[in-house]
Structure formats: C-alpha cells, structure tokens
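In case you want the letters, here they are:
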Amino acid sequence: MDRFDINGGRRLAGRLTVKGSKNAALPMLAAALLTDQPVTLTDVPELADIANMRRLLTELGCEAQAVPAADPESPGGAVRLHARDQSRCHARYDIVRTMRASVCVLGPMLALRGQARVSLPGGCAIGERPVDIHLRGLAALGADIVLDQGDIVARVPRAHQKRGRLRGARVFLGGPFGSTVLGTANVMSAATLAEGTTVIESAACEPEIVDLANLLNAMGARVSGQGSPRIVVQGVAELGGADHRVIPDRIEAGTYMCAAAITGGDVTLDNCPVDALMALADRLQEMGLTLRFDPGQDAMRTSCRVTAPAPGSLRPVEVATQPHPGFPTDLQAQLLAVLCLADGNSVITERIFTERFLHVAELSRMGARLYRQGPTVIVSGVRELVGAPVMASDLRASACLVLAGLAARGTTTVNRVYHLDRGYERMEQRLISLGADVTRLSAKDPEPAPQNAGQ
Ligand code: EPZ
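Note that the structure is predicted; figures quoted are calculated from it, not measured. (Residues numbered from 1 in each chain as written. Predicted model: local features only at pLDDT ≥ 70, side-chain atom pairs only at ≥ 80, totals over all residues. Heavy atoms only, no water.)

**A word on the side chain of Thr-321**
Line of reasoning, step 1. Checked against the element boundaries, Thr-321 lands in the loop between strand S18 (318–320) and helix H10 (332–339).
Line of reasoning, step 2. Its relative accessible area of 1% is what places Thr-321 among the buried residues.
Line of reasoning, step 3. A distance of 3.0 Å separates polar atoms of two side chains, one belonging to Thr-321 and the other to Glu-350.
Line of reasoning, step 4. With sequence-adjacent residues up to four places away left out, Thr-321 is seen in contact with Phe-327, Pro-328, Thr-329, Gln-332, Thr-349, Glu-350, Arg-351 and Ile-352. (Helix = DSSP H or I, 4+ residues; strand = E, 2+ residues; numbered from the N terminus. Buried < 20%, exposed > 50% of the residue type's maximum accessible area, 1.4 Å probe, protein only. Polar contact = N/O pair within 3.5 Å; in protein donor to acceptor, adjacent residues only side chain to side chain. Contact = heavy atoms within 4.5 Å.)

The following block contains the structure:
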C-alpha cells in the first residue's frame, strides 16, 4: 500500500487545471446502458473509481474503452462506451463492494433491459449509506423489487407494462438528510425510457445531476428542471448515442483552494467550476482569502486565482454541510484541516453524513485541538500542526490529512493513500508542481526511522 511522506511548511504557488468530475462521470458512464448506440465522454479523470466502473460496465456487456489524455495536465481523457450485449444484468458483489457508485447501473439497466440484479452496497467509512430511497423511487415507476442473497433484484412486470417498460409517475426523493444524489441519478435515468411523464419531487440539485440530465438530453431524452428540486422527465421510446464533455470537479477544485488556504499560498485554477463552489468561496472569503475570477467567462469553466493571507491570520468561521447549493459534505474534512490553523474557534456541523469525522482523531495526533459532540466539531485554532504518521480512512479524510501535512512542521506520513487515488488524479505530482515537498512511497520502501527513539 502506498503512502505519502510530506515535509510541511512550504507555501504553494502556481497554476493547475481542474480535472473532470469523478462524481459526474460515474453516473454518466452508467447512462451508456440506456442505449445500444455509442456514447463518448471526454474530460474523464483517470482514477481508480472510473476504472472500476469501466470494469463493471464491461461485465454488463458494455464496451468501455479508455483513451488516455495526450497531455497529462489536461482535464482528462475520453471513454468510449458501447452497450452491444443486453443480456448480462448482474452487477456482482465483488465490484459493487469496491465502489458504492456501482448502484448507478440499476436504473439504466432496469429501464432498457427490463431487469437488473445489483449487489446491495454495504456501509462504508463515512456511514451507513442506505439505498432505500433509490428503491422507493424505482418502485414508484412500477418496478418489482426484492432482495435475494444480498442482491437487489428489480424487474419490470410484463403483465401491465407496454413493451416491458417502466411507467411515468410522481416520485418523492426526500429523506432524513435531504435528497439523494445517486438516487436522483437512478430514477431520472430510468424515467427517460418510461411510458409517460415522471415528476421527481425533492430531486437533488447538485451540478453532477445537471450534467447527467444534459447528457441524457443529448442522447434524445426529454428532461427539464434539472438543478431545481422538481425534475420533469417525459419518457421517450429510445435513446441514441452522444458525445459529451464532463464538467470540472468542484471537489478537486475546492481541495486545491483549501491547499492554498492552509499554506498561505497563491494558486490559480483553470477550468474551475466557480459557479458550483459559491458556498466554499463564501467561507474562504470570510476567512480572509481573496478569490478573483473573470465574470465574463463561463462560470463553470473559468480561471480562479485564490490568494491566502499569511499563516496565522485566517479568521475562524462557522459552517454546516447541506445539499447543494449549501456547503458540500465532500469538502467538510478539507475545510476542517484549514480551520485547525485559524486564529480562534470555528464550528463545523455535518448534516449529510453525521458520522463523517474519522479524520478528527488523526488531526488530533498532529496537534489539532478538536472537540466533537455528535455531528458538530468545535475547532480551536492552534499556532502550528506537527507532522506525525496518520492513517487515511476514506477519500476526503485522506485529502484533509494531506492538507494538514502540507502546513505541519516536520514530516507527516499519510498511510493508505489508495483512498486518495480513488478521487484525485496524481495528487502528489500536482502538489509538487505548486511547490510542495511530497513523496509517494510504495510498501516496499522502508518506513522512516522513528524519531527520538528511546527518549
Ligand atoms: C453522492 O453520494 C456522492 N457520491 C458522495 O461523494 C457525496 O458525499 C454525496 O452524494 C452527498 O453529496 C457520488 O456521487 C459517487 P446521497 P450518494 O444519496 O448519492 C441518505 C465522495 O467523497 N440516504 O445523496 O450515495 C444518505 O445516507 C463521495 O466523492 C438515505 O437515507 O449520497 C445521506 O445521509 C462520498 N437513503 C444522504 O441521504 C438513500 O436511499 C445523502 O446521500 C440514499 C441516501
């Protein structure tokens, strides 16, 4: 298992191009199962999760050929998809357990093939993560759904469906923590081929859902209202092929903004989806950072210069995660790392995944002063963090520990960076290009000698 050794204390400065969005690309790859025509996605980041989804699609009879980017600094490569074999409908546990987003194949397979068997995803490091709302939504479209040996088995009942298709309905996707992003992706995708009109109430408003709707429309679907809590889908008889460019990754962009913030840096992000990052921009400005971007450019693909004040002078803030356009849960850990070094007390409340705090104990090992009570953490800013060996637990918690390491005195070793590789393409090389001192070491490289041994 690889690890990062980070020698902290370097100010980051320079320029990066934001990669294509992982969380937009994953359901869009699955959407290729809605047609027997070729679909090509561009600006797809080269990540472990994308490779897993391609492997799953291949098992489901959909060719998924990756064409790497000629320039590694570009937003990403292409993936050419073509679902020629409609007979294989089983997403096996072996793949689903490695990546929860595998559940995105459920809606598309059910809609076109009339049946799907998808292993029920288990819990993960950030919490329980049920899929009950996905299933409720698909059942409202007429699917029969049962659980069998840990698999979701969904079918369109032939008796009362014309041509084995789902039927449009009014579907409510609200849950105890707001809507569901991948649940909206599943139901919206399935509804494109249903008989009649579907109205999704309490739909997720995330930019990744807007991008998926735009791809579906390019394939011939009739989706409107994307980006609002009410999405209307008028079912069509079939979908065709399309070429589509994936939006930039707002979470990757936000993570590098936090890297600038924690190192007192000055970083310009090209291909930056500022429009999707207003909640983070608001908090960073409140903390004393300056964000400059050209209002004349497309606000989803603009250049944004992020300039931080000198270390020690960041102001503390309060923040609560919320569904979009609120502050994203996927940036909570990264902002928490930055607030460890603010001049005063901050409060962070996690309202989407209330247990998503595995990074708190690791940051404490680096000298952070954190007090957690339920979904809230009080962060008392300290003057410095101190390097330590720490353990990455999930994707965004890993990014948080890397950020802390960039600012800490001495060496931080972040173990298990395979979590990072799921969502950040070549993160260490991108940080090095901004002036960071980060080395990726593989399991065969020796552990550093313990410091102060025997004292
Ligand atoms: C997506 O997960 C993202 N994953 C997550 O990003 C992100 O944290 C999350 O949305 C919230 O923004 C991908 O896009 C691949 P949800 P998703 O269903 O769709 C509850 C990352 O780091 N819920 O919107 O699975 C759920 O427990 C990942 O890149 C139900 O109760 O999240 C949570 O509290 C991690 N029943 C809330 O809703 C359901 O059926 C929102 O979850 C579904 C969800």
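**A word on the pattern of salt bridges**
A side chain of one charge can pair with a side chain of the opposite charge if their charged atoms are brought near each other.
Line of reasoning, step 1. Considering all chains together, one arrives at 28 salt bridges under this definition.
Line of reasoning, step 2. Taking the shortest distance from any N to any O, the salt bridge between Lys-22 and Asp-49 comes out at 3.8 Å. Linking Lys-22 in helix H1 (residues 22–31) with Asp-49 in helix H2 (residues 48–59), this pair joins segments that are 27 residues apart in sequence.
Line of reasoning, step 3. The buried category is assigned to Lys-22, whose relative accessible area is 8%.
Line of reasoning, step 4. The shortest N-O distance in the salt bridge between Glu-73 and Arg-426 comes to 3.3 Å. Of this pair, Glu-73 sits in the loop between strand S4 (62–67) and strand S5 (77–83) while Arg-426 is found in the loop between helix H13 (418–421) and helix H14 (427–433), placing the two residues 353 residues apart along the sequence. (Salt bridge = Lys/Arg side-chain N within 4 Å of Asp/Glu carboxyl O.)

**Quick notes on the pairing of S5**
Line of reasoning, step 1. Across the 7 residues of S5, 6 count as buried, placing the element largely inside the fold.
Line of reasoning, step 2. For strand S3 (residues 39–44) and S5, the ladder comprises 4 bridges, and the chain directions are antiparallel. Bridge assignment links Val-39 to a residue of S5, and that residue is Leu-81.
Line of reasoning, step 3. As paired elements, S4 and S5 share 6 bridges and run antiparallel to each other. Counterpart to Val-67 in the pairing with S5 is Ala-78. (Pairing = 2+ DSSP bridges.)

**Re the packing of helix H6 (residues 181–191) against helix H7 (residues 207–218)**
Line of reasoning, step 1. It is the contact of H6 with H7, at a shortest axis distance of 10 Å, that shows an interaxial angle of 15°. Viewed along their axes, H6 and H7 adopt a mutual orientation that is roughly parallel. In terms of crossing hand, the pair formed by H6 and H7 is right-handed. Residues Val-181, Thr-184, Ala-185, Met-188 and Ser-189 of H6 pack against Ile-209, Leu-212, Ala-213 and Leu-216 of H7.
Line of reasoning, step 2. Looking at the contact of H6 with H7 residue by residue, the classes come out as 7 nonpolar, 2 polar and no charged. (Axes fitted to C-alpha atoms, helices over the stretch in contact; angles between N-to-C directions. Parallel < 35°, antiparallel > 145°, perpendicular 65-115°, else oblique. Left-handed = near helix turned anticlockwise from the far one by under 90°. Nonpolar A, V, L, I, M, F, W, Y, C, P; charged D, E, K, R; others polar.)

**Some details on the site of the ligand**
Line of reasoning, step 1. Near the ligand, the surroundings consist of 22 residues, among which Ile-133, Thr-180, Asp-330, Ile-352 and Arg-396 are the closest.
Line of reasoning, step 2. One nitrogen or oxygen atom from the side chain of Arg-129 is found 3.0 Å from an oxygen atom belonging to the ligand.
Line of reasoning, step 3. The contact in question runs from an oxygen atom of the ligand to an N or O atom on the backbone of Ile-133, over 2.7 Å.
Line of reasoning, step 4. Within the complex, the protein chains bury 91% of what would otherwise be the 830 Å² of accessible surface of the ligand.
Line of reasoning, step 5. Broken down by secondary-structure element, the contributors of at least two residues to the shell around the ligand are H1, helix H5 (132–140), H6 and helix H12 (395–407).
Line of reasoning, step 6. Looking at which element gives the most residues to the shell around the ligand, the answer is H5, with 3 residues. (Near = heavy atom within 4 Å. Areas by Shrake-Rupley, 256 points an atom, 1.4 Å probe, with all protein chains shown as cover.)

**Some words on the environment of Phe-357**
Line of reasoning, step 1. Relative to the elements of secondary structure, Phe-357 occurs in the loop between strand S19 (345–349) and helix H11 (358–365).
Line of reasoning, step 2. Residue classification places Phe-357 among the buried positions, given a relative accessible area of 4%.
Line of reasoning, step 3. The spatial distance from the C-alpha of Phe-357 to the C-alpha of Leu-336 is 9.9 Å, given a sequence separation of 21 residues.
Line of reasoning, step 4. Those residues in contact with Phe-357 that sit more than four places away from it in its chain are Gln-332, Leu-336, Glu-350, Arg-372, Gly-374, Pro-375, Thr-376 and Val-377.

**Points about the domain arrangement of the chain**
Line of reasoning, step 1. Examined at the domain level, the chain breaks down into domain 1 (3–19 + 248–441) and domain 2 (22–245).
Line of reasoning, step 2. Computed from C-alpha coordinates alone, the two centres of domain 1 and domain 2 are separated by 30 Å.
Line of reasoning, step 3. Roughly 2,200 Å² of surface becomes buried between domain 1 and domain 2 when both sides are summed, with 50% attributable to carbon and sulfur atoms.
Line of reasoning, step 4. When residues of domain 1 are sorted by the area they lose upon contact with domain 2, Lys-19, Arg-422 and Glu-425 head the list and together hold 26% of the total.
Line of reasoning, step 5. Scanning the region where domain 1 abuts domain 2 turns up 5 salt bridges.
Line of reasoning, step 6. Run the count over domain 1 and domain 2 and you get 11 residue pairs in polar contact (both at pLDDT 80 or more).
Line of reasoning, step 7. Each residue belonging to the side of domain 1 that touches domain 2 can be placed in one class, and the counts come to 9 nonpolar, 6 polar and 15 charged. (Domains from an automatic or database assignment. Buried area = accessible area lost by both parts, 1.4 Å probe.)

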